[in-house]
Amino acid sequence: MAIEVISFDLDDTLWPVRPVIYAAIEDMNAVIEAAVPDYSSRMDDATMLALRKARLEREPLLRYDITTMRLRLLEDSLERCGLRGERLQRVARDAFQTFMRGRNRVTFFDGALDTLAELKKTYRLIGLTNGNADYREAGLGELFEFSISPVEAQARKPDSGIFAATLAAADVGAEQILHVGDNLDEDIAGAVAAGWRSVWVNRSGAPPEPERGYVASVCELDELPELIAAL
């Protein structure tokens, strides 16, 4: 059956994610340190991991909602630094909003937006991500119908639940959808297990792994229109 819908992973498929996260954290910490000057020295990696573990023990479903999880960790860390009440809530809110603005300030890979615009002439486009970028704030509101993340599906790639939730939202069958992603273990393995066709975005030039079951691989997104038309 012909492909009607193409789902795209977001982070590291449409844009490089590390510089985005690093810049967002730097901006967020600047807001926090205006209120708590020694925050970075007090909240080292081990301390933050301990706070995260404790929070997940209290609210295990937060593992699917990394946006709320980040806000709760901000609150927990600020409380550990001695903030209380309205001041704690204000600093946490301002820092969190600063982070989210940075989280959605992405720089697309060369040609990505042009490729999506070309594909949209023929296919329905959607997002399918384990991250918490807002596709609309990131600049995809005119190209994507919607995007599914773990918070909507209560599951993470490669779990079948997130693929099932995507099919339900798109109202198509597995044979009518194609997933494009960079991660063999999350994107490709998950899609193949769900009975979807998939394309691996292999920018690193890693050795082919056809046994993974993807129908094709590309080095750059601008290869997709011709490739998908031939499937």
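Calculation rules
Residues numbered from 1 in each chain as written. Predicted model: local features only at pLDDT ≥ 70, side-chain atom pairs only at ≥ 80, totals over all residues. Heavy atoms only, no water. Helix = DSSP H or I, 4+ residues; strand = E, 2+ residues; numbered from the N terminus. Rg over C-alpha atoms; globule rule 2.2 N^0.38 Å. Buried < 20%, exposed > 50% of the residue type's maximum accessible area, 1.4 Å probe, protein only. Contact = heavy atoms within 4.5 Å. Areas by Shrake-Rupley, 256 points an atom, 1.4 Å probe, with all protein chains shown as cover. Pairing = 2+ DSSP bridges. Axes fitted to C-alpha atoms, helices over the stretch in contact; angles between N-to-C directions. Phe/Tyr/Trp six-rings, centres within 6.5 Å; stacked < 30°, edge-to-face > 60°. Lys NZ or Arg CZ within 6 Å of the ring centre and 35° of its normal. Right-handed = clockwise from strand over helix to strand, strands pointing away.

Asks: I'm lost on the overall build of the protein in this one. Help?
Replies: Helix and strand counts for the protein come out as 11 helices and six strands. What you see for the protein is a C-alpha radius of gyration of 19 Å, in line with the 17 Å of a compact globule of 231 residues. For the C-alpha atoms alone, the extent of the protein along its principal axes is close to 60 × 35 × 35 Å. Here the protein holds 231 residues, and the buried ones make up 47% of them. The long-range fraction of contacts in the protein, counting pairs at least 24 apart against all pairs at least 6 apart in sequence, stands at 60%. Accessible area of the protein: about 11400 Å², with a carbon and sulfur share of 50%.

Asks: Explanation requested: the sheet that holds strand E1 (residues 5–8) in the structure shown.
Replies: Whether parallel or antiparallel, the strands of a sheet pair through hydrogen bonds between backbone atoms. Read across the sheet, six strands follow the order E3-E2-E1-E4-E5-E6 without closing on themselves; strand pairing throughout is parallel. A single partner strand is all that each edge strand has here, and the edge strands are strand E3 (147–148) and strand E6 (216–218). As judged from the three bridges shared by strand E5 (residues 197–201) and E6, these two strands associate in the parallel manner. Bridge assignment links Val 199 to a residue of E6, and that residue is Ala 216. Against the sheet, helix H9 (residues 160–170) contacts strand E2 (124–128), E3 and strand E4 (177–181), and its axis sits at roughly 150° relative to E2. Taken strand by strand, helix H10 (residues 184–193) contacts E4 and E5, and its axis lies near 165° from that of E5.

Asks: I would appreciate a short explanation of the packing of aromatic side chains in the present structure.
Replies: Two aromatic rings, taken as a pair, are described by how far apart their centres are and by the angle between their planes. Within the structure shown, the criterion is met by five aromatic pairs. Here Phe 163 and Trp 196 contribute two aromatic rings whose centre-to-centre distance is 5.0 Å and whose plane-to-plane angle is 90°, an arrangement assigned as edge-to-face. Here Trp 196 lies in the loop between H10 and E5 and Phe 163 lies in helix H9, a separation of 33 residues in the sequence. Each ring, one from Trp 200 and one from Tyr 214, has its centre 5.5 Å from the other, and the planes form 50°; the classification is tilted. Placement of the pair is Trp 200 in strand E5 and Tyr 214 in the loop between E5 and E6, with a sequence separation of 14 residues. Among the residues examined, Trp 200 registers a relative accessible area of 5% and is labelled buried. Its guanidinium or amino end placed over the ring of Phe 99, Arg 70 lies 3.9 Å from that ring's centre, counting from NZ or CZ. The positively charged end of Arg 203 is found above the aromatic ring belonging to Phe 109, 3.6 Å away from the centroid.

Asks: I would appreciate a short explanation of the pairing of E4 in the present structure.
Replies: On a regular strand, one side chain projects to one face of the sheet and the next to the other, so that they alternate. Within E4, five of the five residues are buried, leaving the element largely enclosed by the surrounding structure. Here E4 shows two buried faces, one formed by Ile 177, His 179 and Gly 181 and the other by Leu 178 and Val 180. The pairing of E1 with E4 spans four bridges and is classified as parallel. Within E4, the position partnered with Phe 8 by the bridge is Val 180. In the sheet, E4 pairs with E5 via four bridges, with the strands oriented parallel. Within E5, the residue paired with Val 180 across the bridge is Val 199. Once the chain exits E4 it traverses H10 before rejoining the sheet at E5, and the crossover so formed is right-handed.

Asks: What is the right way to read the pairing of E1 from this model?
Replies: Burial along E1 is two-sided: Val 5 and Ser 7 facing one way and Ile 6 and Phe 8 facing the other are all buried. Alignment of E1 against E2, held across four bridges, turns out to be parallel. By the bridge assignment, Phe 8 is partnered in E2 with Gly 127.

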